[in-house]
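# Report on the structure
Chain residues, written in single-letter form:
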Amino acid sequence: MAHNLVESVQKHLAYSRLERESPNTQKSTEGAEVCHPEKLDQACVSAVLAGIYQFTREEEHAEKLLRSKSEDTWLEVIFHKYPQKLENKIAAYTQCKSNLIRQHLFAVAQKAVLEIGIAVGPKGRGKDVKSYLTSQRLAILTRLP
């Protein structure tokens, strides 16, 4: 259970390497009109994983990640509905189009849930998911733009 969730999701989806972000030196790209795919990777992976971390603070919610999802997507399960505000913030940060952001968010959520299931194993429970994500907290938060 010791592997790094951030790096695992990033590598599987062939996203660019995620760098640690300093909240003190983050530069605004306002006015830029070009999509920045490296920022898109960074924003989507770290934001979805931060959302999963927050979602799993309750063991009953953490347990949901180990079950097959219903008709809702993992994003809708984790954020309780599609995270439109998150998409808008990522669009402002990356200057990328909504459809590309949506694809990234869905892919990250799906892969992250799969990786979490593998990390806690077939006998994992909600408390195991919660514990695993607690161990990943620093890796996730230090990459959040």
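Residues numbered from 1 in each chain as written. Predicted model: local features only at pLDDT ≥ 70, side-chain atom pairs only at ≥ 80, totals over all residues. Heavy atoms only, no water.

## Things to note about the pattern of salt bridges
One pass over the structure, following the stated rule, counts three salt bridges. For R125, the salt bridge goes to E63, with nearest N and O atoms at 3.3 Å. Highlighted residues: R125 in the loop between α6 (98-120) and α7 (126-141) and E63 in helix α3 (residues 59-64), separated in sequence by 62 residues. Between E115 and K111 there is a salt bridge, with its nearest N and O atoms 2.7 Å apart. In this pair, E115 and K111 both sit in helix α6, four residues apart, roughly one turn of the helix. No difference in accessibility class separates E115 from K111, as the two residues are buried. (Salt bridge = Lys/Arg side-chain N within 4 Å of Asp/Glu carboxyl O. Helix = DSSP H or I, 4+ residues; strand = E, 2+ residues; numbered from the N terminus. Buried < 20%, exposed > 50% of the residue type's maximum accessible area, 1.4 Å probe, protein only.)

## Brief notes about the side chain of T56
Within the secondary structure layout, T56 lies in the loop between α2 (37-55) and α3. With relative accessibility at 0%, the residue T56 sits in the buried group. One polar contact links the side chain of T56 to the main-chain carbonyl oxygen of Y53, over a distance of 2.9 Å. Those residues within four positions of T56 in sequence are excluded, and the remaining contacts are A62, L65, V129, K130 and L133. (Polar contact = N/O pair within 3.5 Å; in protein donor to acceptor, adjacent residues only side chain to side chain. Contact = heavy atoms within 4.5 Å.)

## A short note on the state of the cysteines
Per the stated rule, a full pass over the model turns up one disulfide. Note on cysteine connectivity: C35 is disulfide-linked to C96, with sulfurs 1.8 Å apart. Judged by the sign of its S-S torsion, about 75 degrees, the bond between C35 and C96 is right-handed. Here C35 is found in the loop between α1 (5-12) and α2, whereas its partner C96 is found in the loop between α5 (84-94) and α6, with 61 residues between them in sequence. You can call C35 partly exposed: its relative accessible area is 28%. There is no disulfide at C44, and the cysteine sulfur nearest it, in C96, is 8.2 Å away. (Disulfide = S-S within 2.5 Å.)

## Examining α5
Those residues of α5 that sit buried are L86, E87, I90, Y93 and T94. Seen along its axis, α5 keeps its buried residues to an arc of 125 degrees; they face one direction. In α5, the exposed residues that point more than 90 degrees away from the buried face are K85 and K89. Lining the buried residues of α5 we find α2, α4 (74-79) and α6. Looking one or two residues beyond α5, the residue adopting positive phi is Q95, at roughly 65 degrees. (Arc of directions from axis to C-beta.)

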